[in-house]
Number of protein chains: 2
Amino acid sequence: MDKDITIYDIAKELDLSPTTVSRALNDHPAVNKNTKQKIYSMASQLGYRSNMFASNLRRQRTNTIGVIVPKLNSNFMSSVIAGMEKVANEADYNLIISQSLETVEKEIANAKTMFNSRVDGLLVSLAFDTENMDHFEPFISKDIPVIFYDRVSDHKQFAGVVIDNVQASYEATTHLIEQGCQNIIHITGNLRRNVYADRLKGFKYALLDNDLPFSDASVIINNLSEDAGVEAAQQILQMDSRPDGLFVSNDTCAVHCMKTLTHAGISIPDEIAVVGFNNDPICRVVEPSLSSIDYPGYEMGEVAVRSLIHYLSGLADTSVTRITLRSELIIRSSSLRKGKENNKGKALALLPETK
Amino acid sequence: MDKDITIYDIAKELDLSPTTVSRALNDHPAVNKNTKQKIYSMASQLGYRSNMFASNLRRQRTNTIGVIVPKLNSNFMSSVIAGMEKVANEADYNLIISQSLETVEKEIANAKTMFNSRVDGLLVSLAFDTENMDHFEPFISKDIPVIFYDRVSDHKQFAGVVIDNVQASYEATTHLIEQGCQNIIHITGNLRRNVYADRLKGFKYALLDNDLPFSDASVIINNLSEDAGVEAAQQILQMDSRPDGLFVSNDTCAVHCMKTLTHAGISIPDEIAVVGFNNDPICRVVEPSLSSIDYPGYEMGEVAVRSLIHYLSGLADTSVTRITLRSELIIRSSSLRKGKENNKGKALALLPETK
DNA sequence: TTGTAGGCGTTATCAG
DNA sequence: CTGATAACGCCTACAA
C-alpha cells in the first residue's frame, strides 16, 4: 500500500508552499489562476485526495449529517433518504444513517453514536414510543442543530419538516363521508407522535363539520403493524353497530385490516369503505386497491437536508421552525362507491385553517 | 458552545500524562487498574468524548464501513442494513450508507465518495446494470477490502456473501413441476448479475432433471419492476402455447404479473401456478398469496460486516471468498394446486451439487 | 499573490 | 507501569 499523497507532495513537486496548495485546492480567490491550474493538474496526476480527518480536526467540523429513521423498509423512507442523499452530496456532506426500529432504546443509542461521531447536524424522525427529548440535549447544548422530519417533536424549540396531517386527514375523512359513510372508525398510532395526534384531530374536525358524532369508540389506537391491522378487524367485526367507513393511518395496517374484513365476508367498499395513509405501492396490490394519502418523501428529504445546511451555513432563518409540504388524497376502489361522485373540490373548500 | 474536553484536561485534573490517559481510555493492559478507574470516572465527570478525527488522523483509519445498496425500499434490504448496523455498532464501527438506485452512474459516484471518505472497507450489492468493476480499483490498489453481498461480482478476487441461488431456483422450479406444471416460464433480471444468472441455471437444471424441454422462449428478461411484471403478463397472454407455471425472480414483479393475469381471467394457481423470490411482506397481501423464496437478510448483513471486520483485524481467512447462507421455499396458495402434495423432500433429494 | 509557523487531539515510539 | 516527544495532514493568522 503506497503512501498517501499530501499537499506537501504537491507543493514539493511544484516548488510552492503547502499553504498555496491548500488554498488552491479550496478555491481560495487569492491564488493566481495559473498556479491554481498547475496545482489542480498535479493533484489529479498524483492521485491526491484530501484527508478529511486532518481537515476536520483543524476546522472542527465533519461535513457529516446524522440521520435517525424509524425503519428503512418502506417506499416512503427510502425516498426520503434518496432526497437527502441528493442534496447532501451536492453540498459535499456525508450521511450517516441509522434505524431506531421504532424503539426509544435504539434511538437513544443512535443519538449517542451520532454525537460521538461529531455530526454537524442531526435529522430525526421519532420512534413510536419516544417520550422525552433528553437524548437530544447534548446536541442542543453544543449548538448542533437537530431538525425533525415527518415525526417531529412538539417542543417549539425544534424545527421540523412535515405535511399538514390535520388537513390530509380531514380530506380523507370528508371523502369517506361524501361516499355515504356515517359511522367511521379511525385507526391510528401512538398519539404522542404529532402525525397521529394531528390525524385524529383532522378526523374529528371532519366529523364535526359534517354533523357526525364523535366518540372515543370511533378510534382504535395500536402500533399500526400487520398484526394490529388483523386485530383491529376482529374488533370491528364484533362491534354492535358495525362501521361503514375506515380511515387508517398507515397502509400496511389498512391492508391487513381490509383483508381480514374481506375474508370475514365484508364487502369493500360497499359495506365498509377504507382509506389508508402513505400511498405505499402495496395500495395498488391489494384487492380492492386502497385509497390513500400521498406524501412527498423525496422532497421531504431534500428540504430537511437543505434546511439543515442553511442553518449550518449561518443563513438560517431562525424564525422558520416548521416547513409544511403538500400531500394529496389518491382515490382508489377501496373507498369509491358506485354512483358517488368524487367531490374533492367541495372537501377542500370546507377545509379549516390549520397552521 | 463550550470548549471540548480533551485528554489533556483529564490529565491535568489527575496530574497524569496525556499518554496514560490515552492508554487508559483505550483499555491498554499496561495501565494500573486504579489509575484506569480514576481516569474513567474523571472522563465521564467532565463529559469527555474522544475526538475521532484526531484519532483517525493519527491511526490512519476511520472505523467506518461504506455500504452501497441498490435500493433501500424493500423489507429485504432494510433487514440487511439492520443486521449490518448491529454488528458494526458492537465492534465500534460506523456505517455510511448510500443507494445506487440501480444505476452504474450513481454506483460509481457512491464509490468515489466512499473512497474519499476513507472508509476502512466497503460492502456492495451491485446495481442492475453494472458491467465492470473499475470503480472499485482504487480500493483494491490501496488494499481496502471490498466485500459483496447478494449481488456479487463474478471476479474471483472479490469475496461475497450470498445464498445458493441455483439451489433456491431449482427448488422453486421443482415445486412447480410437482404441482403438475409442464410449461414453465422464468422471468428474471439482467444476467450479468449472479443472482439472476444463477437462478436461470437452477431453473434449467430442474427442467432437465425432470425431462422437460428448455428453450430461450422459456425465459423473459426484464428489469423486474412493477411495469415489467405487467408487460410480461401481456406477453404471456399472447403466447401460442400458454405456460402453466411461472417462476419470477422478484416478488414485486411477480405480484404485478399475477394481478394482470388474474384480471385477464386466468385462474391462479390452477391455470398458471406462480412462485416469486424474496418473501417480501407483499406476498401475503396479494390474492392468492404468493409462494416465494425466503432469504435471510438480517443474517446476510451480520455476516457481511463480520467478515469485513475479521478481514480488517487481520484475522481473515483469505481462502474464504464465498459465504453461502441458507434459503427456503415458502409455499402459499399461488402455487398450491388441490390434490397435490408438497413433495419438498423429494425435490431436495434430487438437488445437484452446486458450489 | 505567496510563505512561515503553529496547533487541532490523538497515539506510536522510545525511554525511564 | 508511566512519561516526553514527535508526528498524522491540514488550515489560519500573520508576515512579506
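Predicted model only: the values in this text are computed from it and were never measured.

Each value, and the rule that gives it
- Residues numbered from 1 in each chain as written.
- Chains lettered and ligands numbered in written order.
- Predicted model: local features only at pLDDT ≥ 70, side-chain atom pairs only at ≥ 80, totals over all residues.
- Heavy atoms only, no water.
- Least-squares fit on C-alpha atoms with pLDDT ≥ 70 in both.
- Contact = heavy atoms within 4.5 Å.
- Helix = DSSP H or I, 4+ residues; strand = E, 2+ residues; numbered from the N terminus.
- Buried < 20%, exposed > 50% of the residue type's maximum accessible area, 1.4 Å probe, protein only.
- Near = heavy atom within 4 Å.
- Polar contact = N/O pair within 3.5 Å; in protein donor to acceptor, adjacent residues only side chain to side chain.
- Nonpolar A, V, L, I, M, F, W, Y, C, P; charged D, E, K, R; others polar.
- Core = buried A, V, L, I, M, F, W, Y, C linked by side-chain atoms within 4.5 Å.
- pLDDT = per-residue confidence, 0-100.
- Axes fitted to C-alpha atoms, helices over the stretch in contact; angles between N-to-C directions.
- Parallel < 35°, antiparallel > 145°, perpendicular 65-115°, else oblique.
- UniProt positions renumbered as here; feature names shortened; annotations may be inferred.

(A) Summary view of the relation of the copies chain A and chain B. Between chain A and chain B, which share one sequence, the superposing operator has a rotation angle of 180° and an axial displacement of 0.0 Å; the RMSD is 0.1 Å. Those values place the two copies in the arrangement expected of a two-fold rotation axis. Comparing interface residues between copies, 100% of those in chain A also sit at the interface in chain B, which points to an isologous, same-surface contact.

(B) Geometry of the environment of Gln37(A). Residue and element names in this part refer to chain A. Looking at where Gln37 falls in the secondary structure, it is placed in helix α3 (residues 33-46). Using a relative accessible area of 51% as the deciding quantity, one classes Gln37 as exposed. Sequence-wise, Gln37 and Ser55 are 18 residues apart; in three dimensions their C-alpha atoms are separated by 22 Å.

(C) Representation of the protein's contact with DNA strand C. Taken together, the neighbourhood of DNA strand C is formed by 27 residues, with Thr19(A), Arg58(A), Tyr8(B), Tyr48(B) and Arg58(B) sitting nearest. In DNA strand C, atoms within 4 Å of the protein come from the sugar-phosphate backbone in 57% of cases. Interatomic distance of 2.8 Å between a side-chain N/O atom of Thr19(A) and a base oxygen of DNA strand C. The separation between a base nitrogen of DNA strand C and a polar side-chain atom of Arg23(A) is 2.8 Å. Listed by contribution, the elements that provide at least two residues to the surface near DNA strand C are α2 (18-25) and α4 (52-59) of chain A together with α1 (7-14), α2 (18-25) and α4 (52-59) of chain B. The greatest single-element share of the surface near DNA strand C, amounting to 4 residues, is contributed by α4(B). When its residues are assigned to classes, the surface near DNA strand C shows 8 nonpolar, 13 polar and 6 charged.

(D) The arrangement of the nonpolar core in detail. In terms of nonpolar packing, the biggest core is built from 142 residues, with Tyr149(A), Ile187(A), Tyr149(B) and Ile187(B) touching the most fellow members. If we skip the residues at most four places from it in the chain, Ile187(B) touches Ile220(B), Asn222(B), Leu224(B), Ala232(B), Ile236(B), Leu246(B), Phe247(B), Val248(B), Ser249(B), Cys253(B) and Cys257(B).

(E) Representation of the protein's contact with DNA strand D. With respect to spatial proximity, 26 residues lie near DNA strand D, and among them Ile7(A), Tyr48(A), Arg58(A), Thr20(B) and Arg23(B) are the closest. Close to the protein, within 4 Å, the atoms of DNA strand D belong to sugar or phosphate groups at a rate of 60%. At 3.0 Å from a phosphate oxygen of DNA strand D is found a main-chain nitrogen or oxygen belonging to Ser17(B). Thr19(B) has a polar side-chain atom sitting 3.1 Å from a base nitrogen of DNA strand D. Within the residue set of the surface near DNA strand D, elements represented by two or more residues are α1 (7-14), α2 and α4 of chain A together with α2 and α4 of chain B. It is α4(A) that provides the largest number of residues to the surface near DNA strand D, a total of 4 residues. Residues that form the surface near DNA strand D fall into these classes: 8 nonpolar, 13 polar and 5 charged.

(F) The arrangement of the confidence of the model for chain A in detail. Here chain A averages 90 in pLDDT, and 93% of its residues register 70 or above. Here residues 342-355 of chain A is a poorly scored stretch, pLDDT under 50, and it has 21 contacts once near neighbours within four places are set aside; other chains count.

(G) Structural context of the packing of α2(A) against α3(A). Residue and element names in this part refer to chain A. Two elements in contact, α2 and α3, have axes separated by 9 Å at closest approach and are oriented at 85°. By the angle between their axes, α2 is roughly perpendicular relative to α3. Contact residues: α2 offers Thr20, Val21, Ala24 and Leu25, while α3 offers Thr35, Lys36, Ile39, Tyr40 and Ala43. The residue makeup of the contact of α2 with α3, split by class, is 6 nonpolar, 2 polar and 1 charged.

(H) Fine view of unusual backbone geometry. Residue and element names in this part refer to chain A. For the peptide bond that leads from Ile268 to Pro269, omega is 10°, which places it in the cis range. Among the structural elements, Pro269 can be located in the loop between α11 (251-263) and β9 (273-275). Despite not being glycine, Asp211 shows a phi value in the positive range, around 55°. Looking at the secondary structure, you find Asp211 in the loop between α9 (194-209) and β7 (219-221). Backbone geometry at Asn279 places phi at a positive 55°, although glycine is not the residue there. In this structure, Asn279 sits in the loop between β9 and β10 (292-294).

(I) Structural detail: the UniProt feature "domain: HTH lacI-type" (unreviewed entry) in chain A. Annotation from UniProt places "domain: HTH lacI-type" (unreviewed entry) at residues 5-59 of chain A. The span residues 5-59 of chain A is 69% helical and 0% strand by assignment, and the distance between its end C-alpha atoms comes to 20 Å.

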